[in-house]
Amino acid sequence: SRGLGDVYKRQELLDLVKNYGAARRADIDLNKLAELNDVQVVNVLVCGLGLEAASVQGLIESVSLDDRAELLAGLMRFEIRQPGSPGAVAH
């Protein structure tokens, strides 16, 4: 079975999604996300978080689910720390 290694990694990723959604004012249905298996969770997030195309491509090319989840977590942490909202243009 291909999984995220342990329950704590999955919960950490879901907690990060919650923080990402709050930071980006994104409407993320965490209950529906929690119903998915590990592979589905990671893949839905890769495609659904509105990350830059190059970031998404890098995630898609990650060989293992753990690698993809780690990269995704790093990108979300980076985005959470950025001021403003996605697509905001500095004037």
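Further up the page is the structure itself.
Anyway, here's the lowdown on the structure attached to this text.

Procedures and definitions
- Residues numbered from 1 in each chain as written.
- Predicted model: local features only at pLDDT ≥ 70, side-chain atom pairs only at ≥ 80, totals over all residues.
- Heavy atoms only, no water.
- Salt bridge = Lys/Arg side-chain N within 4 Å of Asp/Glu carboxyl O.
- Helix = DSSP H or I, 4+ residues; strand = E, 2+ residues; numbered from the N terminus.
- Buried < 20%, exposed > 50% of the residue type's maximum accessible area, 1.4 Å probe, protein only.
- Polar contact = N/O pair within 3.5 Å; in protein donor to acceptor, adjacent residues only side chain to side chain.
- Contact = heavy atoms within 4.5 Å.
- Axes fitted to C-alpha atoms, helices over the stretch in contact; angles between N-to-C directions.
- Parallel < 35°, antiparallel > 145°, perpendicular 65-115°, else oblique.
- Left-handed = near helix turned anticlockwise from the far one by under 90°.
- Nonpolar A, V, L, I, M, F, W, Y, C, P; charged D, E, K, R; others polar.

So, on to the pattern of salt bridges. Any two side chains of opposite charge can pair, given that their charged atoms come close. Summed over all chains, the structure comprises four salt bridges. Between Arg10 and Asp38 there is a salt bridge, with its nearest N and O atoms 2.7 Å apart. Of this pair, Arg10 sits in helix H1 (residues 7-24) while Asp38 sits in helix H3 (residues 38-48), placing them 28 residues apart in sequence. A salt bridge links Glu79 to Arg24, with the nearest nitrogen and oxygen atoms 3.1 Å apart. Here Glu79 is found in helix H5 (residues 65-81), whereas its partner Arg24 is found in helix H1, with 55 residues between them in sequence.

The exposure class assigned to Asp38 is buried, which follows from its relative accessible area of 16%. One polar contact links Asp38 to Arg10, side chain to side chain, over a distance of 2.7 Å. Once you skip the residues sitting within four places of it in the chain, Asp38 turns out to touch Gly3, Leu4, Arg10 and Leu65.

Take the packing of helix H4 (residues 53-61) against H5 next. Interhelical geometry of H4 versus H5 gives an angle of 160° and a closest axis separation of 8 Å. On the basis of the axis angle, H4 is roughly antiparallel to H5. Crossing of H4 over H5 shows right-handed handedness. Facing Ser55, Gly58, Leu59 and Ile60 of H4, the residues of H5 in contact are Arg68, Leu71, Leu72 and Leu75. Residues that form the contact of H4 with H5 fall into these classes: five nonpolar, two polar and one charged.

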